[in-house]
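Summary of structural features
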Amino acid sequence: MESAKFSYPSGLMEAIKTFTDPQTCLEVVKGAKWGTKGPTCPRCESKRLSFLKTRLMWKCLDCQKQFSVKVGTLFEDSALSLDKWLAAVWLVTNCRHRASSFEIHRTIGVTQKTGWFILHRIRLAMQSNGNADS
């Protein structure tokens, strides 16, 4: 898979436009998660992988399990697409005052309940210890 060049969006509208492309979202999260090492299987830690372009997922050639870039991140177990997540992360991290769930709801077009869920997950991930169990 080719690596896309990514420049950090300077404004909300630019962030939303940037994160509408699923391939860009995948590359951003992939780069943040694995860096230059590249993806590894979360189950057996194998590097022998096959990328499934139609599903934007990897398949481990050793344990035969499929996994996405969401596994092991704050996006895991969420049906929400990465475009919504990354726009919300941009909004929360670049807001002068604390972003509210209602602001996320209005800005990215989700329900207020989903906005609360997103905000809660982002704040948990931003905690200094990085431990989601607290």
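Look up a bit, the structure's there.
1. A word on the overall build of the protein
When you go through the protein residue by residue, the secondary structure sums to five helices and three strands. Each helix and strand of the protein, placed in order from N terminus to C terminus, yields the pattern α-α-β-β-β-α-α-α. The buried share of the protein, taken over its 134 residues, is 32%. A sequence separation of at least 24 residues applies to 44% of the contacts in the protein between residues at least 6 apart.

2. Considering helix α5 (residues 112-126)
For α5, which comprises 15 residues, the first-to-last C-alpha distance of 21 Å matches the rise-based estimate of 21 Å (1.5 Å per residue) to within 8%. Listed in full, the buried residues belonging to α5 are Gly 115, Ile 118, Leu 119, Ile 122 and Leu 124. The inward-facing, buried residues of α5 contact α3 (82-94) and α4 (101-108).

3. Details of the nonpolar core
By size, the foremost hydrophobic cluster in this structure holds 29 residues, and its most contacted members are Phe 19, Val 69, Leu 86, Ile 104, Ile 108 and Ile 118. Only α2 (22-34), β2 (57-60), α3, α4 and α5 provide two or more residues apiece to this core. Tallying contributions element by element places α3 first for this core, with eight residues. If near-sequence neighbours (up to four positions away) are discounted, Ile 104 is found in contact with Ala 88, Leu 91, Val 92, Gly 109, Val 110, Gly 115, Ile 118 and Leu 119.

4. Some words on the pairing of β2
Where strand β1 (residues 49-52) meets β2, four bridges bridge the pair, whose relative direction is antiparallel. Bridge pairing links Leu 49 to Cys 60 in β2. The antiparallel pairing of β1 with β2 creates a hairpin that spans four residues between the two strands, and Leu 56 there sits at a positive phi of about 55°. Here β2 runs beside strand β3 (residues 66-67); their pairing, made up of two bridges, is antiparallel. Within β3, the residue paired with Lys 59 across the bridge is Gln 66. Hairpin connection between β2 and β3: a loop of five residues separates the two successive antiparallel strands, and Gln 64 in this loop has a positive phi of roughly 65°.

What counts as what
Residues numbered from 1 in each chain as written. Predicted model: local features only at pLDDT ≥ 70, side-chain atom pairs only at ≥ 80, totals over all residues. Heavy atoms only, no water. Helix = DSSP H or I, 4+ residues; strand = E, 2+ residues; numbered from the N terminus. Buried < 20%, exposed > 50% of the residue type's maximum accessible area, 1.4 Å probe, protein only. Contact = heavy atoms within 4.5 Å. Expected span 1.5 Å × (residues − 1). Core = buried A, V, L, I, M, F, W, Y, C linked by side-chain atoms within 4.5 Å. Pairing = 2+ DSSP bridges.

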